[in-house]
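# Fold and geometry: a report
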Amino acid sequence: MSEILEEISSLLQKGRAPKVKAAVQQALDAGIPASTILQDGLLAGMDVVGVKFKNNEVFVPEVLVAARAMNKGVEVLRPYLVSDGVEEKGVAIIGTVKGDMHDIGKNLVRMMLEGKGLRVIDLGVDVAPEAFVDAARENSAQLVCCSALLTTTMPEMKNIVDAVNASELKGKVKIMVGGAPITQEYADEIGADCYTPDAATAAEAALQLCQEMTA
Ligand code: B1M
């Protein structure tokens, strides 16, 4: 079992998207749980890329192809992480904040939320605060979920909190924040309603918030 996971990790590091897709499918066919393939194959590979990026051993183009391979692999896992046909438990808007192009973590959070039965409207990356507010209004969402990976873009989360509070949605939607540089302290400081460190915890918290709001 570990051989195929190591192969997935290694192929991801080399940015071989079609081979990553095939290897992920092969691992699924071998009966390896989707969560194990995600954690010990895809994310393990991306961790190695992250360390090399930090140490200037690889650069943006290599990281970009690895990220593409990661997203392709995650797409294969999607049906196994998302439950279909369940009753809608709530509506969430999700996006990566303005100026920030990182979407792998955001995509995972989206998938886990969908897995809990929430309808998720994904605004993509580089999303302005007003776009979060407009989408929440148009879709009668309970949650606005913001992801940021850069210390330079995390202040955009405060702008989103301010934009929501300046609108008629104040108190009617909950704001969830997350991403590598975000902490509970930061979430408290900017007045966000909920911080979670990873996608699985985000999904648990999102479901709980929706249940509390509709109770
Ligand atoms: Co970027 N990058 N990057 N990058 N990149 C980081 C983030 C960095 C830490 C690398 C480093 O130097 N060590 C560093 C940030 C430093 C800092 O600000 N402190 C960095 C930098 C500097 C940059 C550029 C500025 C580089 C440059 O151009 N010189 C540039 C910025 C571009 C921009 O956004 N404007 C840049 C570009 C890129 C690529 C485009 C090449 C690529 C992104 C491709 C893509 O996303 N499609 C990329 C990547 C891939 C990374 C690393 C290597 C991996 C990020 C990732 O996807 N991790 C990253 C290094 C690292 O993190 N180790 C790095 C896997 C993902 C699953 O984790 O997104 O953290 P993550 O999500 C987690 C949790 O954070 C959480 O759940 C997920 C796990 O379950 N989570 C939430 C995320 N969002 C959440 C929301 C929630 C709750 C939980 O609630 C709503």
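Just so we're clear, the structure is a prediction, and the values are computed from it rather than from any experiment.

## A short note on unusual backbone geometry
With glycine set apart, most residues show a phi of negative sign, and most peptide bonds adopt trans. At Asn56, a position not held by glycine, the phi torsion is positive, near 60°. Mapped onto the elements of the fold, Asn56 is located in the loop between helix 3 (34-54) and helix 4 (60-81).

## Looking at the site of the ligand
Near the ligand, the surroundings consist of 34 residues, among which Met101, His102, Asp103, Ser147 and Ala199 are the closest. At 2.8 Å from a nitrogen atom of the ligand is found a side-chain nitrogen or oxygen belonging to His102. With respect to the ligand, the side chain of Ser147 contributes an N or O atom lying 2.8 Å from a nitrogen atom. Of all the cavities here, the one that holds the ligand is the largest pocket. Only helix 3, helix 4, helix 5 (104-115), strand 3 (143-147), strand 4 (174-178) and helix 9 (199-214) provide two or more residues apiece to the shell around the ligand.

## Comments concerning the environment of Ile160
Looking at the secondary structure, you find Ile160 in helix 7 (residues 156-165). Along the chain, Ile160 and Val51 lie 109 residues apart, while their C-alpha atoms are 30 Å from each other. Sequence-distant contacts of Ile160, that is, excluding residues within four places in its chain, are made with Val97, Pro129, Phe132, Val144, Cys146 and Ile175.

## Things to note about the packing of helix 1 (residues 2-13) against helix 3
When two helices pack together, their arrangement is captured by the angle between the axes and the distance separating the axes. At a minimum axis distance of 8 Å, the contact between helix 1 and helix 3 shows a crossing angle of 40°. Regarding helix 1 and helix 3, the two cross each other, and that crossing is right-handed. Only Thr36, Ile37, Asp40, Gly41, Leu42, Ala44, Gly45, Met46, Val48, Val49 and Lys52 of helix 3 make contact with helix 1, whose side of the interface consists of Leu5, Ile8, Ser9, Leu12 and Gln13. Looking at side-chain class alone, the contact of helix 1 with helix 3 contains nine nonpolar, five polar and two charged residues.

## As for the pairing of strand 1 (residues 90-96)
Counting buried positions along strand 1 yields seven of seven residues, so the element is predominantly enclosed. Residues Gly90, Ala92, Ile94 and Thr96 of strand 1 are buried on one face, and the alternating residues Val91, Ile93 and Gly95, pointing to the opposite face, are buried as well. Each parallel crossover has a hand, and the one from strand 1 via helix 5 to strand 2 (residues 118-122) is right-handed.

## Notes on the layout of surface pockets
A probe matching the size of a water molecule, rolled over the atoms, marks out where space remains unfilled. The calculated volume of the largest pocket comes to roughly 1,400 Å³. Lining the largest pocket we find 45 residues, and of these His102, Ile104, Gly105, Lys106 and Leu149 sit closest to its centre. Of all the secondary-structure elements, those providing two or more residues to the lining of the largest pocket are helix 3, helix 4, helix 5, strand 3, strand 4 and helix 9. Of the residues in the lining of the largest pocket, the class split is 30 nonpolar, ten polar and five charged.

## Some details on the coordination of the cobalt atom of the ligand
Six octahedral donors around a metal ideally sit at 90 or 180 degrees from one another, while four tetrahedral donors ideally sit at 109.5 degrees. Of the protein atoms, His102 (NE2) alone serves as a donor to the cobalt atom of the ligand, at 2.2 Å. As for its position among the elements, His102 is in the loop between strand 1 and helix 5.

## So, the sheet that holds strand 5 (residues 194-195)
Picture the strands of a sheet paired through backbone hydrogen bonds; they go either parallel or antiparallel. Spatially, five strands are ordered 2-1-3-4-5 in an open sheet, and the strand pairing comes out parallel. Two strands close off the open sheet at either side, each with one partner strand: strand 2 and strand 5. In this structure, strand 1 lies alongside strand 3, joined through five bridges in parallel fashion. For Ile94, the partnering residue across the bridge sits in strand 3 and is Cys145. Strands strand 3 and strand 4 of the sheet are contacted by helix 7, whose axis makes an angle of about 175° with strand 4.

Analysis parameters
Residues numbered from 1 in each chain as written. Predicted model: local features only at pLDDT ≥ 70, side-chain atom pairs only at ≥ 80, totals over all residues. Heavy atoms only, no water. Helix = DSSP H or I, 4+ residues; strand = E, 2+ residues; numbered from the N terminus. Near = heavy atom within 4 Å. Polar contact = N/O pair within 3.5 Å; in protein donor to acceptor, adjacent residues only side chain to side chain. 1 Å grid on protein atoms, 1.4 Å probe; cavity = no way out; pocket = protein on both sides within 12 Å on 5 of 7 lines; lining within 4 Å. Sits in = over half its atoms within 2 Å of the grid points. Contact = heavy atoms within 4.5 Å. Axes fitted to C-alpha atoms, helices over the stretch in contact; angles between N-to-C directions. Left-handed = near helix turned anticlockwise from the far one by under 90°. Nonpolar A, V, L, I, M, F, W, Y, C, P; charged D, E, K, R; others polar. Buried < 20%, exposed > 50% of the residue type's maximum accessible area, 1.4 Å probe, protein only. Right-handed = clockwise from strand over helix to strand, strands pointing away. Points joined across faces, edges and corners; volume = space filled by probe spheres on them. Donors = N, O, S within 2.8 Å, 3.2 Å for Na, K, Ca; no water. Pairing = 2+ DSSP bridges.

It is worth stressing that arrangement in space is one thing and function is another; only the former is reported here.
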